[in-house]
Amino acid sequence: MASDAPYDCLIVGGGPAGLTAAIYLARFLLDIHVVDAGDSRAGWIPCSHNHAGYPDGINGKELLRLMREQAQRYGAKIESGRVTRLDKDDDGLFTAEWGAGPHRARSVLLCTGLTNRRPPMDPELHDDAMARGLIRYCPICDGYEVTDKKVGVIGSGKGGVGEAIFLRGYTADVTLIAPDSALELAPDEAERLKAAGVRTVDGPAEAVGVAGDCITVDTAEGLLTFDSVYPALGSDTHTQLAEMVGAELAEDGCILCDAKMRSSVEGLYAAGDVVHGLDQISHAMGEGGQAATTIRNDLAAKSPLFRPPLEVSAASETEREMVEVGDG
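Residues numbered from 1 in each chain as written. Predicted model: local features only at pLDDT ≥ 70, side-chain atom pairs only at ≥ 80, totals over all residues. Heavy atoms only, no water.

Peer 1: Explain the pairing of strand β14 (residues 222-226) to me, please; I cannot follow it from the model alone.
Peer 2: A regular strand carries its side chains on alternate faces of the sheet. When strand β13 (residues 214-219) meets β14, the two strands line up antiparallel, connected through five bridges. Paired with Thr-219 across the bridge in β14 is Gly-222. The hairpin turn running from β13 into β14, its antiparallel successor, is two residues long. (Pairing = 2+ DSSP bridges. Helix = DSSP H or I, 4+ residues; strand = E, 2+ residues; numbered from the N terminus.)

Peer 1: What is the right way to read the packing of helix α1 (residues 16-27) against helix α2 (residues 60-73) from this model?
Peer 2: When two helices pack together, their arrangement is given by the angle between their axes and by how far apart the axes lie. Their axes nearest at 9 Å, the elements α1 and α2 cross at an angle of 20°. Classified by the angle between their axes, α1 and α2 sit roughly parallel to one another. Regarding α1 and α2, the two cross each other, and that crossing is left-handed. Along the contact surface, α1 presents Pro-16, Leu-19, Thr-20, Ala-22, Ile-23 and Ala-26, while α2 presents Leu-64, Met-67, Arg-68, Gln-70 and Ala-71. Classifying every residue of the contact of α1 with α2 gives eight nonpolar, two polar and one charged. (Axes fitted to C-alpha atoms, helices over the stretch in contact; angles between N-to-C directions. Parallel < 35°, antiparallel > 145°, perpendicular 65-115°, else oblique. Left-handed = near helix turned anticlockwise from the far one by under 90°. Contact = heavy atoms within 4.5 Å. Nonpolar A, V, L, I, M, F, W, Y, C, P; charged D, E, K, R; others polar.)

Peer 1: Which parts of the structure should I look at to understand the pairing of strand β10 (residues 174-177)?
Peer 2: Residues Val-174 and Leu-176 point to one face of β10 and Thr-175 and Ile-177 to the other, with burial holding for every one of them. Bridging between strand β9 (residues 151-155) and β10 involves four bridges; their strand directions are parallel. Residue Val-151 lies in a different strand from β10, and its bridge partner there is Val-174. As paired elements, β10 and strand β11 (residues 199-201) share three bridges and run parallel to each other. Note that in β11 the partner of Ile-177 across the bridge is Val-201. Viewed along the sheet, the connection from β10 through helix α6 (residues 187-196) into β11 turns out right-handed. (Buried < 20%, exposed > 50% of the residue type's maximum accessible area, 1.4 Å probe, protein only. Right-handed = clockwise from strand over helix to strand, strands pointing away.)

Peer 1: What's the story with unusual backbone geometry in this structure? I'm lost.
Peer 2: Comment: phi is negative for the bulk of residues other than glycine, and the bulk of peptide bonds are trans. For the peptide bond that leads from Gly-203 to Pro-204, omega is 5°, which places it in the cis range. Looking at where Pro-204 falls in the secondary structure, it is placed in the loop between β11 and β12 (207-211). Notably, Leu-29 is not glycine yet its phi reads approximately 65°, a positive angle. For Leu-29, a relative accessible area of 59% translates into the label exposed. At Met-261, a residue that is not glycine, the phi angle is positive and equals roughly 75°. Counting through the fold element by element, Met-261 comes out in the loop between α7 (240-244) and β17 (268-270). The exposure class of Met-261 is buried, given its relative accessible area of 6%.

Shown next as structure tokens:
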């Protein structure tokens, strides 16, 4: 059975968006619970140099640890787990399932993010290459780190072409590699790549490996070696829970939200990479703060969140009466 006392807000996902929202909501004096599956993309980051306030950069896992500590300092409850089901009851409450059983909440904030599609390589080797900066997924985050280096982009279509052109702003040595077979380009895409001086190579990119301080890609033209490789293979957005309660999705597959982070389902909100926008920590944190403030105000509109007066203890009341008698 679900608890009779629902949370004011259940936050699903403990990345930058979810934890920022948790800090805000806890400081709004609400009863909140965060369920975190532990797979935030922020945790992949060896050292983020774009995050304001850290001139020397900060490790992604350390950033998340500090944010969890800050949220818990104000009373947020954070639990490791994966929410497998979400329903909305006839009384307007949400019921979520994870761990030992169902839990209820007056509102739900989905910060479930997305997963980048990986190139063909051993998972442990992939994670090691990520930690060493041999594989990178975000040129906006770390294009600066490949300045004047030899860079490969595995991708095709608009995404692959756009990423290769973007990286051309950091280095003159960029190669776009088809992930499958021949690199199919529209005439305007081919012209853009040629004008930018981006080399194009047919696939398939059958294997990606590490050789010393370099990373290699096996292509139709043989084994190519780079300082860093960017897989531009797309991503999968985690919208399953939103779909379970009938939330509308945008054309790009993200959860459709208004400017205040409300979904199409009353009481359901979303923030971070699961919502269309710039996939950056700073952007996710901004959406987390906006969502938290909207949630607080929406809950208050349904039932005032007034702070009750402090109770006067019996001892204090006796002291007050003694003072009044003495004054008489």
